[in-house]
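# Inside the fold
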Amino acid sequence: MSLLSDLINLNLSESTEKIIAEYIWVGGSGMDVRSKARTLPGPVDDPAKLPKWNYDGSSTDQAPGDDSEVILYPQAIFKDPFRRGNNILVICDVYTPAGEPLPTNKRYDAAKIFSHPDVVAEVPWYGIEQEYTLLQKDVNWPLGWPLGGFPGPQGPYYCGVGADKAYGRDIVDAHYKACVYAGINISGINGEVMPGQWEFQVGPSVGISAGDEVWAARYILERITELAGAVVSFDPKPIPGDWNGAGAHTNYSTKSMREEGGYEVIKKAIEKLGLRHKEHIAAYGKGNERRLTGRHETADINTFSWGVANRGSSVRVGRDTEKNGKGYFEDRRPASNMDPYVVTSMIAETTILRKP
């Protein structure tokens, strides 16, 4: 008699050409990841060859009950680390039956910005540092923390090693390997300053692919915590008080910034960001005011600043960039619950398309 685990791990390619495609999209809250699966007749490696699909938008807060059909448009394909074989994960965006993008479809507007000739010519690179907090299921309290109590103060946990410093490493490593398997350009992981908080980095990724990869990585993380009986939180300040919040620092460069003389281009780009500080803050994640207080390695939410190697500024430039006269900079303002399509495209729009 087969065990449940045997059936879950069945290799479909041994008996059929058919594959399973998991269609993934963002729900009505802007942070709830949804998915459902369908059978396809054979392997597919081009999203343009995948069929569109539909779902009940009234159950995801994206459509009224009397006109509930929402259409999924496949946009990016990743290998499925859960079913493996030729099975795939499919990142989709959402439209009405008439082909109009839903208000929650942030990918649509981002794709328009990234397809602008001036942006295409600059080949924008992104490296996104996605922080998150692992919580104990049912109690909404960080993994490894005593129920109703607190661990020792911050200090030993950042990149810490040991059962009294690193909580949830099995989840983190499983996620890391699953993302590599899926084809996501994940570049690293580390434990963060607050115990139970971790970070993974996606990039360098070009243009719209940065958003696709971050959403795919978030989906995989949600699935792994589901298997582990834990909960992942992207709240920018999950625990009030003297504890670090969670951000999504966004590293950015253009072709001009990476070439000789790029440092001057970087400084002009940062100046443009400062002129639109309020607009960027408004788009950089809900609840960010609880995180951007001027403490815990953040700048105050109401003030724009930048500096070299300064983690208390809105935008940080690395020492290597200053020394080499070219490179990239880091926008430290985005919250952990930001939409990567919104943040990446807005940075490109402000620094490349906007004229001061």
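Residues numbered from 1 in each chain as written. Predicted model: local features only at pLDDT ≥ 70, side-chain atom pairs only at ≥ 80, totals over all residues. Heavy atoms only, no water.

## Section: unusual backbone geometry
With omega at 0°, the peptide bond leading from Gly203 into Pro204 counts as cis. In this fold, Pro204 is placed in strand β9 (residues 197–206). Even without being glycine, Ala309 reaches a positive phi, approximately 60°. Here Ala309 shows up in the loop between β12 (306–308) and β13 (315–317). (Helix = DSSP H or I, 4+ residues; strand = E, 2+ residues; numbered from the N terminus.)

## Comments concerning the UniProt feature "domain: GS beta-grasp" (unreviewed entry) in the protein
UniProt tags residues 19–99 as "domain: GS beta-grasp" (unreviewed entry). Counted over residues 19–99, helix gives 0% and strand 48%. Its end C-alpha atoms are 27 Å apart. (UniProt positions renumbered as here; feature names shortened; annotations may be inferred.)

## Observations regarding the environment of Glu22
Examined against the element boundaries, Glu22 turns out to sit in strand β1 (residues 19–26). Classification of Glu22 as buried rests on a relative accessible area of 6%. Glu22 has contacts with Ser35, Lys36, Ala37, Arg83, Ile88, Leu89, Val90 and Tyr219, leaving out every residue within four places of it along the chain. Separated by 2.8 Å, the side chains of Glu22 and Arg83 make a polar contact. (Buried < 20%, exposed > 50% of the residue type's maximum accessible area, 1.4 Å probe, protein only. Contact = heavy atoms within 4.5 Å. Polar contact = N/O pair within 3.5 Å; in protein donor to acceptor, adjacent residues only side chain to side chain.)

## Brief notes about the UniProt feature "domain: GS catalytic" (unreviewed entry) in the protein
In the numbering used here, UniProt assigns the feature "domain: GS catalytic" (unreviewed entry) to residues 106–356. The distance from the first to the last C-alpha atom of residues 106–356 is 25 Å, and the span holds 38% helix and 20% strand.

## Quick word on the packing of aromatic side chains
Under the counting rule described, the total for this entry stands at 13 aromatic pairs. Taking the centre distance of 6.2 Å and the plane angle of 85° together, the rings of Tyr95 and Tyr108 count as edge-to-face. Of this pair, Tyr95 sits in strand β5 (residues 88–95) while Tyr108 sits in helix α2 (residues 106–114), and the two are 13 residues apart along the sequence. With a centroid separation of 5.5 Å and an interplanar angle of 70°, the aromatic rings of Tyr252 and Phe329 are classed as edge-to-face. (Phe/Tyr/Trp six-rings, centres within 6.5 Å; stacked < 30°, edge-to-face > 60°.)

## Overview of the nonpolar core
If you look at the biggest cluster of nonpolar residues, it comprises 56 residues, and the most contacted ones within it are Tyr132, Ile184, Ile220 and Phe329. Per-element accounting of this core gives the leading share, nine residues, to helix α5 (residues 208–228). Residues contacting Tyr132, with those up to four places away along its chain left out, are Val172, Gly196, Gln197, Trp198, Glu199, Phe200, Leu221, Val232, Ser233 and Phe234. (Core = buried A, V, L, I, M, F, W, Y, C linked by side-chain atoms within 4.5 Å.)

## Some thoughts on the pattern of salt bridges
Throughout the structure, instances matching the rule amount to 16 salt bridges. Ionic pairing is found between Lys267 and Glu264, a salt bridge with its closest N-O pair at 3.0 Å. Of the two residues, Lys267 and Glu264 are both situated in helix α7 (residues 262–275); the distance of three residues between them amounts to about one turn of the helix. Judged by relative accessible area, which is 45%, Glu264 ranks as partly exposed. Here Arg319 ties to Glu322 by a salt bridge, and the two come within 3.5 Å at their closest N and O atoms. (Salt bridge = Lys/Arg side-chain N within 4 Å of Asp/Glu carboxyl O.)

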